[in-house]
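Next come the chains, spelled out residue by residue.
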Amino acid sequence: MASIKRDDVKQKWEETEFPLVCETCLGDNAYVRMTKEAHGKKCKICENPFTVFAWQAGTKGRLKKVEICRSCAQAKNVCQVCIYDLQYGLPVKVRDKILKESGSAGGTMQVPQSQANRAWYSAQQERILAQGGNMVGEANELAHAQLSSIARMEPRYERNLPKLCSFFARGECNRGADCPFRHEMPRDRNDPLSKQNTKDRFHGTNDPAAAKLWARLKAKEAQESMKNGDQNAKLDDTYERAKATLYLRFHGDPPYPQLNEELIRDHFYSFGEIISVRIQNEKGQGFVEYTQPEATELAISSMNRKDLLERSLYVAWARAPKRGTTQRQDIQGVQKSEESNTYDKGKPLQNLDIGPSKIPIPKGLIPAKPPPEVAAIAAARRAGGVAPVPRPGGGVIRKGGSIAAKKTARAPQPYYPSTNPSRMGSKAS
């Protein structure tokens with residue numbers, strides 16, 4: 001080994017004593033026998049030779065071996081075999097998407113794909129790892145809560161089963177029970193999961209497993225929203241999301257456990273400052289309002305599907321109260337009866353056209369006719385051409401001819417001492 005390390009080109013070749021793998025890839029056997037081959041093949045990400053480990057993943061599992069080097073796996077905190085996250089058991093694409101949406105973009109790191117940039121990145125990564133650090137930051141509380149709610153840390157040993165025998169699918173396999181592959185017919189020949197790429201899975205660009213998991217999570221959220229009632233969980237175009245209020249409800253049918261404000265504050269105070277708590281025990285639900293939207297989102301991610309009073313909780317965003325509408329069809333009023341000239345309250349008006357001349361005036365509000373002498377004076381004024389009396393609110397009443405006099409009046413002249421007739425030597429103009 002000393003002779004190899006003397007070569008400048010081989011200085012970055014990796015030598016490790018144990019692989020960085022997840023529990024699922026190790027298999028269900030507690031005693032694992034591995035083979036080790038120094039510089040067995042190139043890494044599919046950085047293309048540097050590294051130490052290859054191979055083993056049988058469990059009693060019924062297939063032979064597995066590492067696909068990427070340990071440095072690249074540490075850069076993304078993933079398994080060297082399945083390229084899944086080691087902390088949450090999720091694909092890289094799903095993990096990075098949730099980290100970016102929750103404002104923790106520092107928890108993700110895009111590894112360069114060009115050869116020069118990749119070499120510089122690998123050198124920087126090795127230097128930081130040797131100092132006990134990492135180039136990728138940690139996730140914030142909100143991202144950690146969201147990832148923990150969908151984490152899949154239980155071992156899934158069915159992923160270690162042997163692959164399908166292509167000869168058996170064509171009817172040409174003659175090995176029988178000695179065949180190391182599974183003798184099953186493929187369910188879908190065009191299944192995208194059968195065409196996976198290690199490099200795409202590592203960079204999170206084209207991962208069919210991540211796309212399938214993300215679609216399943218969205219479908220589960222929609223199903224929970226429909227199950228717990230559209231009036232509080234489903235936010236459509238007509239309703240806006242509340243600014244910093246969450247909605248909680250018990251799963252299942254009544255009777256529901258009795259909630260109180262002290263109990264809710266004890267379980268939700270750690271996420272932020274609470275403004276108010278409203279409880280509806282008959283419906284098994286309540287509302288918690290925070291001062292900041294970030295606290296509400298953290299509480300939803302942390303408390304959704306958790307147990308409270310031995311019942312599972314459904315926690316989601318509350319919707320904002322719907323404002324009053326100006327549409328005419330939403331106006332509630334009175335409706336005229338056919339039998340009498342009365343009106344019934346609480347019934348919508350039919351074909352209502354809002355306007356002063358269109359709305360029928362109820363009996364008792366019809367204006368009375370003016371007295372005969374008042375009507376005669378008004379008719380005489382109209383016949384004689386006399387200007388009618390101005391209506392109230394029309395402005396200040398002025399005398400006739402005052403406007404014309406102001407128009408013909410001479411404008412005031414400026415004062416000069418030389419034109420003053422009281423002074424000697426002046427000439428009056």
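Refer to the structure presented above.
What this report covers is the structure whose coordinates are included nearby. What you are looking at is a predicted structure, and each value in this text was computed from that prediction instead of being measured.

1. Section: the packing of helix α6 (residues 141-149) against helix α12 (residues 293-303)
Describing two packed helices takes the angle between their axes plus the distance from one axis to the other.
Next, step 1: Across the interface, α6 lies against α12 with an axial gap of 8 Å and an inter-helix angle of 25 degrees. Regarding the angle of α6 to α12, the classification is roughly parallel. The interaxial crossing formed by α6 with α12 has left-handed handedness. Seen from α6, the contacting residues are E141, L142, A145, Q146 and S149; seen from α12, they are E297, L298, S301 and S302.
Next, step 2: The residue inventory of the contact of α6 with α12, partitioned by class, reads three nonpolar, four polar and two charged.

2. Observations concerning the layout of surface pockets
Next, step 1: Empty space within the largest pocket amounts to approximately 1,800 Å³.
Next, step 2: Residue lining of the largest pocket: 41 residues in total, with R159, R182, L193, S194 and Q196 positioned closest to the centre.
Next, step 3: Within the residue set of the lining of the largest pocket, elements represented by two or more residues are β3 (63-65), α7 (166-169), α8 (198-203) and α9 (208-227).
Next, step 4: Of the residues forming the lining of the largest pocket, the biggest block, four residues, is contributed by α9.
Next, step 5: When grouped by side-chain class, the residues that make up the lining of the largest pocket number 15 nonpolar, five polar and 21 charged.

3. Quick look at the packing of aromatic side chains
Next, step 1: Applying the stated criterion to the full structure yields two aromatic pairs.
Next, step 2: On the basis of an interplanar angle of 45 degrees and a centroid distance of 5.5 Å, the ring pair of Y247 and F287 is categorised as tilted. Taken together, the positions of Y247 in strand β4 (residues 241-250) and F287 in strand β6 (residues 285-290) put the pair 40 residues apart, joining distant regions of the chain.
Next, step 3: Overall, F287 belongs to the buried group, its relative accessible area being 14%.
Next, step 4: Here F268 and F271 contribute two aromatic rings whose centre-to-centre distance is 6.4 Å and whose plane-to-plane angle is 65 degrees, an arrangement assigned as edge-to-face. Taken individually, F268 and F271 each receive the classification buried, so the pair is uniform in this respect.
Next, step 5: Positioned above the aromatic ring of Y84 is the side chain of R159, whose terminal nitrogen or guanidinium carbon lies 4.7 Å from the ring centre.

4. Focus on the nonpolar core
The tendency in soluble globular proteins is for nonpolar side chains to be buried as a group.
Next, step 1: Counting 25 residues, the largest nonpolar core has C43, W55 and I68 as its most contacted members.
Next, step 2: Put simply, the parts of the chain that give this core at least two residues each are β2 (49-56) and α3 (70-76).
Next, step 3: Tallying contributions element by element places β2 first for this core, with four residues.
Next, step 4: In this structure I68 touches C43, I45, F50, A73, V78, C79, Q80, I83, T198 and F202, once residues within four positions along its chain are discounted.
Next, step 5: In this structure, A145, L263, Y290 and L298 belong to the second largest nonpolar core, which totals 24 residues.

5. A word on the state of the cysteines
Next, step 1: One pass over the full model with this rule turns up zero disulfides.
Next, step 2: Considering cysteine sulfurs only, C69 is the nearest to C72, which forms no disulfide, with 3.4 Å between them.
Next, step 3: Take C179: it sits in no disulfide, and the sulfur closest to it among the cysteines is that of C165, at 3.9 Å.
Next, step 4: Given the relative accessible area of 10%, C179 is considered buried.

6. Some words on the sheet that holds β4
Across a sheet, strands are paired by hydrogen bonds formed along the backbone, either parallel or antiparallel in direction.
Next, step 1: Taken in spatial order, the five strands of this open sheet run β5-β6-β4-β8-β7, and their pairing is antiparallel. In the strand order of this sheet, the two ends are held by β5 (274-280) and β7 (307-308), each with one partner.
Next, step 2: With two bridges connecting them, β7 and strand β8 (residues 311-319) associate as antiparallel partners. Of the residues in β8, the one forming a bridge with L308 is R311.
Next, step 3: Of the strands in this sheet, β4, β5, β6 and β7 are in contact with helix α11 (residues 261-268), which crosses β5 at around 130 degrees.

7. Points about the sheet that holds β2
Next, step 1: Strands sit in the order β1-β2-β3 across an open sheet of three strands; the sheet is antiparallel. Both edges of this open sheet fall to β1 (35-42) and β3, since each of them pairs with a single strand only. Geometrically, the sheet is characterised by an average inter-axis angle of 35 degrees between neighbouring strands, direction not taken into account.
Next, step 2: Summarising the sheet, β2 and β3 pair through three bridges and their orientation is antiparallel. Counterpart to A54 in the pairing with β3 is K65.

8. Section: α12
Next, step 1: Extensive coverage of α12 is indicated by the burial of eight of its eleven residues.
Next, step 2: Those residues of α12 not exposed but buried are A295, T296, L298, A299, I300, S301, S302 and M303.
Next, step 3: Contacts from the buried residues of α12 go to α6, β4, α11, β6 and β8.
Next, step 4: Of the residues flanking the end of α12, it is R305, one or two places downstream, whose phi is positive at about 65 degrees.

So, how was this worked out
- Residues numbered from 1 in each chain as written.
- Predicted model: local features only at pLDDT ≥ 70, side-chain atom pairs only at ≥ 80, totals over all residues.
- Heavy atoms only, no water.
- Axes fitted to C-alpha atoms, helices over the stretch in contact; angles between N-to-C directions.
- Helix = DSSP H or I, 4+ residues; strand = E, 2+ residues; numbered from the N terminus.
- Parallel < 35°, antiparallel > 145°, perpendicular 65-115°, else oblique.
- Left-handed = near helix turned anticlockwise from the far one by under 90°.
- Contact = heavy atoms within 4.5 Å.
- Nonpolar A, V, L, I, M, F, W, Y, C, P; charged D, E, K, R; others polar.
- 1 Å grid on protein atoms, 1.4 Å probe; cavity = no way out; pocket = protein on both sides within 12 Å on 5 of 7 lines; lining within 4 Å.
- Points joined across faces, edges and corners; volume = space filled by probe spheres on them.
- Phe/Tyr/Trp six-rings, centres within 6.5 Å; stacked < 30°, edge-to-face > 60°.
- Buried < 20%, exposed > 50% of the residue type's maximum accessible area, 1.4 Å probe, protein only.
- Lys NZ or Arg CZ within 6 Å of the ring centre and 35° of its normal.
- Core = buried A, V, L, I, M, F, W, Y, C linked by side-chain atoms within 4.5 Å.
- Disulfide = S-S within 2.5 Å.
- Pairing = 2+ DSSP bridges.

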